[in-house]
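Chain and residue survey
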Amino acid sequence: MYAIKESKLTDLEKLEDKFDDIIQDLSEKISELEYVNDRQASEIGDLQSDSRYAHNKIEDLQQEVSTLETRIDNMED
């Protein structure tokens, strides 16, 4: 009877080890995904900043074109 209890205990320990391994693996995957998510969020922030810069540059250039068109119109008059 002791051998049966010992066998069941060993089986439970093996099962517990498997669960521990699964939990550890999932924990590592979560950490990896969090890192990737943080990196991508940073990249998105950089892209948004670049986009705002490009938008402002376009507006500046449009203003310069408008100013030059006005100057040309005034020269023609």
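Everything here concerns the structure above.
Figured I'd write up the structure that's included with this text. Note that the coordinates shown come from a computational prediction; the quantities given were computed from them, not determined experimentally.

1. Some remarks on the overall build of the protein
Check the secondary structure of the protein and you find one helix and zero strands. For 77 residues, the compact-globule formula gives about 11 Å, and the C-alpha radius of gyration of the protein, at 33 Å, lies well above that figure. In terms of overall dimensions, the protein has C-alpha extents of about 110 × 10 × 5 Å along its principal axes. In the protein, which comprises 77 residues, the share counted as buried stands at 0%.

2. Overview of a nonpolar patch on the surface
Residues L12, L15, F19, I22, I23 and L26 make up a contiguous nonpolar surface patch of about 600 Å² in total accessible area. Here I23 shows up in helix α1 (residues 2-76).

3. With respect to a negative patch on the surface
A contiguous patch of negative charge, built from E6, E13, E16, D17, D20 and D21, is present on the exposed surface. Tracing the backbone through its elements, the reader meets E13 in helix α1. Residue E13 is classed as partly exposed on the basis of its relative accessible area of 40%.

4. Overview of the pattern of salt bridges
Under the criterion given, the structure shown has two salt bridges. Ionic pairing is found between R39 and E43, a salt bridge with its closest N-O pair at 3.8 Å. Here R39 pairs with E43, and both are found in helix α1, just four residues apart, close to one helical turn. A relative accessible area of 39% places R39 in the partly exposed class.

5. Description of the environment of M75
Tracing the backbone shows M75 in helix α1. Classification of M75 by relative accessible area gives exposed; the value is 71%. In this structure the C-alpha to C-alpha distance between M75 and D11, which are 64 residues apart in sequence, comes to 95 Å.

Basis of the calculations
- Counting of residues starts from 1 at the beginning of each chain's written sequence and follows it residue by residue.
- Reporting in this predicted model follows two pLDDT cut-offs: at least 70 for local features of residues, and 80 or more for side-chain atom pairs to be given and counted; totals over whole chains, interfaces and linings ignore these cut-offs and use all residues.
- No hydrogens and no water enter the side-chain calculation; it runs on all heavy atoms of the structure.
- To qualify as a helix, a DSSP run of H or I must reach at least 4 residues; to qualify as a strand, a run of E must reach at least 2; elements of each kind are numbered from the N terminus.
- Using C-alpha atoms as the atom set, the radius of gyration is obtained and then compared with a globule rule of 2.2 Å times the number of residues to the power 0.38.
- Between buried and exposed lies partly exposed: a residue is buried under 20% and exposed over 50% of the maximum accessible area for its type, with that area taken using a 1.4 Å probe on protein chains only.
- Two joining distances apply to patches: 9 Å for like charges and 5 Å for nonpolar side chains (Val, Leu, Ile, Met, Phe, Trp, Tyr), and every residue must have over 30% relative accessible area and no salt bridge.
- A 1.4 Å probe and the Shrake-Rupley method give the accessible areas. Residues count as covered only by the protein chains that appear here.
- Any Lys or Arg side-chain nitrogen located within 4 Å of an Asp or Glu carboxyl oxygen qualifies as a salt bridge.
- Neither His nor the chain ends contribute to the count of charged residues, in which Lys and Arg are positive and Asp and Glu negative.
- Each charge is placed at NZ for Lys, CZ for Arg, CG for Asp and CD for Glu.

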